[in-house]
Amino acid sequence: MNSLVDTGLACAGLQVNRGRRRVLQDVSLQPLPVGSITILLGANGSGKTTLLKALAGLLAWQDGSARFHTRTVAAADADWRAQIAYMPQDLPAPVRLAVFEAVRLAWELAPQAGRHPRGHEAIAGTLAELGLTALAERYLDELSGGQRQLVALAQILARRPAALLLDEPLAALDLHNQQRVIAAIRRLTADRGLVTLIALHDVNLALQLADRVVLLAEGRVLAQGDPADVITPARLARSHGVRARIEHDSTGEPLVRVDGPVHRDDSSPASL
């Protein structure tokens, strides 16, 4: 098993079963640095959600280890679970609760809440960061799916966690709110020194947002590192089963163009 560097969030040799099926096989993550955003890419069923839940302490792992800075992390570690914020892709059904109160309840669970003299302002500031001020008095069950996703993000940010683990946080958002959330996550990750790991389907959004990329295929890490090094046509053929080209827009930023599907035999490991 690989050794773990004592910085950021890392894991080595992680194996996770769901029932009798092994979903993650010997997954090792290089340390995810504080103040940076790592995007987790992979096709449906590649293990992205399982890895997020395992690192969030919501799933036990059968083998392997994880560390956050200099301390060992266990799935049942209540102290670790208090430091991380996990947001699932599928949110629970909305309740009859105003947005401000929903965020306030989440904020009160944070360790600093009891000694913060200006809690109301802290909550209002979190809502403002995500453009939710105008919705503060609206009820959750009156909001659209995208608006509720923004509120869920405000709830976990209000707890001021050390790490963010987000599962498809942009999927239900329109283009305007996607860009708002991208800007907020980027700013808060840097300003608060967070370790941020986000699972996405959209490869081009990953190129826009990521400092680092981890690419999963069939429960294993196919590649990890700089987005330009990880996201290649050969690896996308292996991980997603598509014929793709990497082009550049007028500003020089990379774009992935997909030409169509490939047969799995055309994307063998030997071609990577």
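As shown above, the structure is provided for reference.
The written sequence of each chain sets the order in which its residues are numbered from 1. Residue-level local features of this predicted model are given only where pLDDT is at least 70; pairs of side-chain atoms are given and counted only at 80 or more, and the full residue set underlies all totals for whole chains, interfaces and linings. Water and hydrogen atoms were dropped before computing side-chain values, which therefore reflect all heavy atoms in the structure.

Asks: So what's going on with unusual backbone geometry? Residues and values would help.
Replies: Phi angles above zero are rare outside glycine, and Asp-26 is one such case at about 55°. Here Asp-26 lies in strand E2 (residues 21–32). Comment: elements are numbered from the N terminus, with helices defined as DSSP H or I runs of at least four residues and strands as E runs of at least two.

Asks: Explain the pattern of salt bridges residue by residue, including any values.
Replies: In the sections that follow, a salt bridge refers to a side-chain nitrogen of Lys or Arg positioned within 4 Å of a carboxyl oxygen of Asp or Glu. Going through the model one piece at a time under the given rule, you end up with nine salt bridges. A salt bridge links Arg-192 to Glu-129; the nearest nitrogen and oxygen atoms lie 4.0 Å apart. Placement of Arg-192 in helix H6 (residues 175–192) and of Glu-129 in helix H4 (residues 119–129) is noted, with a sequence separation of 63 residues between them. Salt bridges sharing partners connect three or more residues here, namely Arg-96, Arg-138, Asp-141 and Glu-142.

Asks: Could you give an account of the sheet that holds strand E10 (residues 220–225), with specific residues and numbers?
Replies: Within the open sheet, the six strands sit side by side as E6-E7-E8-E3-E9-E10. Their pairing is mixed. The sheet is open, and its two borders are formed by strand E6 (84–87) and E10, each paired with just one other strand. Taking each pair of neighbouring strands and ignoring which way they run, the sheet shows an average axis angle of 15°. Two strands form a pair only when DSSP identifies at least two bridges running between them. Sheet analysis places E6 next to strand E7 (residues 163–167), joined by four bridges and oriented parallel. An axis is simply a line fitted to the C-alpha atoms; with a helix, the fit covers only the stretch in contact. Between two such axes, the angle follows the N-to-C directions and lies from 0 to 180 degrees.

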